[in-house]
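What follows is the residue order along each chain.
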Amino acid sequence: MKYDVIIVGAGIAGSFLASILSKKGLKVLVVEREKDEKTSFCGEMINTYYGKILGISLKSDLIANVYKTTKLASLDSDFELAIPKKGPRIFLLESQKAKSLFIQKSLSNGADIKFKSSVENTIKKGKKVVGIKIKNKIIKSNIVIGSDGSNGVIAKTSGFDIRNYKVLPSFRYKYKNTTDLDETEAIFLIGRKLGLGYLWIYPRKQNHVNIGIGAIANPKLGSIFNNYVNNMKELRKAKV
């Protein structure tokens, strides 16, 4: 079977795109290497401008938390800076729920979904990508969309020069049973040891928080993260 569009990656971008393209009557295939759309993690912070594009309002049950303030702080000193409130509101998305919703819409619209399927290569006709290869099987399409990251298989095998791409390695944890966290404030932390990157604290409702770290070419991310969270009094009784 030949598809109009193949989307590689079932994150927020890939699953949402599949839902709107399939709604327009296109024959869409979504390919995801994980066992389902809930398994992989993706970004959760978003603002009302992009929420409107996704069709998500502040009253939606897909919202984990809405922030009143956002703060930039230093890991090296007592410096803090409140980020101005001008512009769109910032909120935390229930990313797993959102992905599931978009996948279900895609399926209802007639899209095909292949989980636990890793793309080995792209198929090209001249310079044009006309399909993908999975387990020695070729699947053709008019358009292939790489929603698997800037350093993903589609970018690597489509002919793009990605040698100078600045990839931001990161990891995150969700904690429960936190205490005394201001649920109305999101915090970004920067510092000399961290380099080009940041540590984030995104409180969720009901004493939950999303804390993570990301930086370019920094092999000490783990120790920086652990040193910080181990000294957070709000996490003394918390569990990952």
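Shown above is the structure to which this text applies.
Since the structure is predicted, the reported quantities are computational estimates derived from the model, not experimental observations.

1. Quick notes on the nonpolar core
In this structure, Tyr-175, Leu-199, Ile-201, Ile-211 and Leu-235 are the most contacted members of the largest nonpolar core, which totals 19 residues. Those elements that provide at least two residues to this core are strand S13 (185-190), strand S14 (197-204), strand S15 (208-215) and helix H5 (221-229). If sequence neighbours within four positions are ignored, Tyr-175 has contacts with Asn-207, His-208, Val-209, Ile-211, Phe-225, Val-229, Leu-235, Ala-238, Lys-239 and Val-240.

2. Regarding the pattern of salt bridges
Taken as a whole and assessed by the stated rule, the structure comprises 9 salt bridges. Note that Lys-233 and Glu-234 form a salt bridge whose closest N and O atoms lie 3.5 Å from each other. A network of salt bridges, in which partner residues are shared, links Glu-44, Glu-94, Arg-172, Lys-174 and Arg-204.

3. Describing helix H3 (residues 95-108)
Taking 1.5 Å as the rise per residue, H3 with 14 residues should run 20 Å; its terminal C-alpha atoms sit 20 Å apart, in good agreement. When we look at burial in H3, the residues that qualify are Ser-95, Gln-96, Ala-98, Lys-99, Ser-100, Phe-102, Ile-103 and Ser-106. On its buried side, H3 packs onto helix H1 (12-23), helix H2 (48-54), strand S7 (90-93), strand S8 (112-114) and strand S12 (170-176). Note on H3: the residue one or two positions beyond its end, Gly-110, has a positive phi of about 100°.

Parameters at a glance
- Residues numbered from 1 in each chain as written.
- Predicted model: local features only at pLDDT ≥ 70, side-chain atom pairs only at ≥ 80, totals over all residues.
- Heavy atoms only, no water.
- Core = buried A, V, L, I, M, F, W, Y, C linked by side-chain atoms within 4.5 Å.
- Buried < 20%, exposed > 50% of the residue type's maximum accessible area, 1.4 Å probe, protein only.
- Helix = DSSP H or I, 4+ residues; strand = E, 2+ residues; numbered from the N terminus.
- Contact = heavy atoms within 4.5 Å.
- Salt bridge = Lys/Arg side-chain N within 4 Å of Asp/Glu carboxyl O.
- Expected span 1.5 Å × (residues − 1).

So yeah, pure geometry; function would need other evidence.
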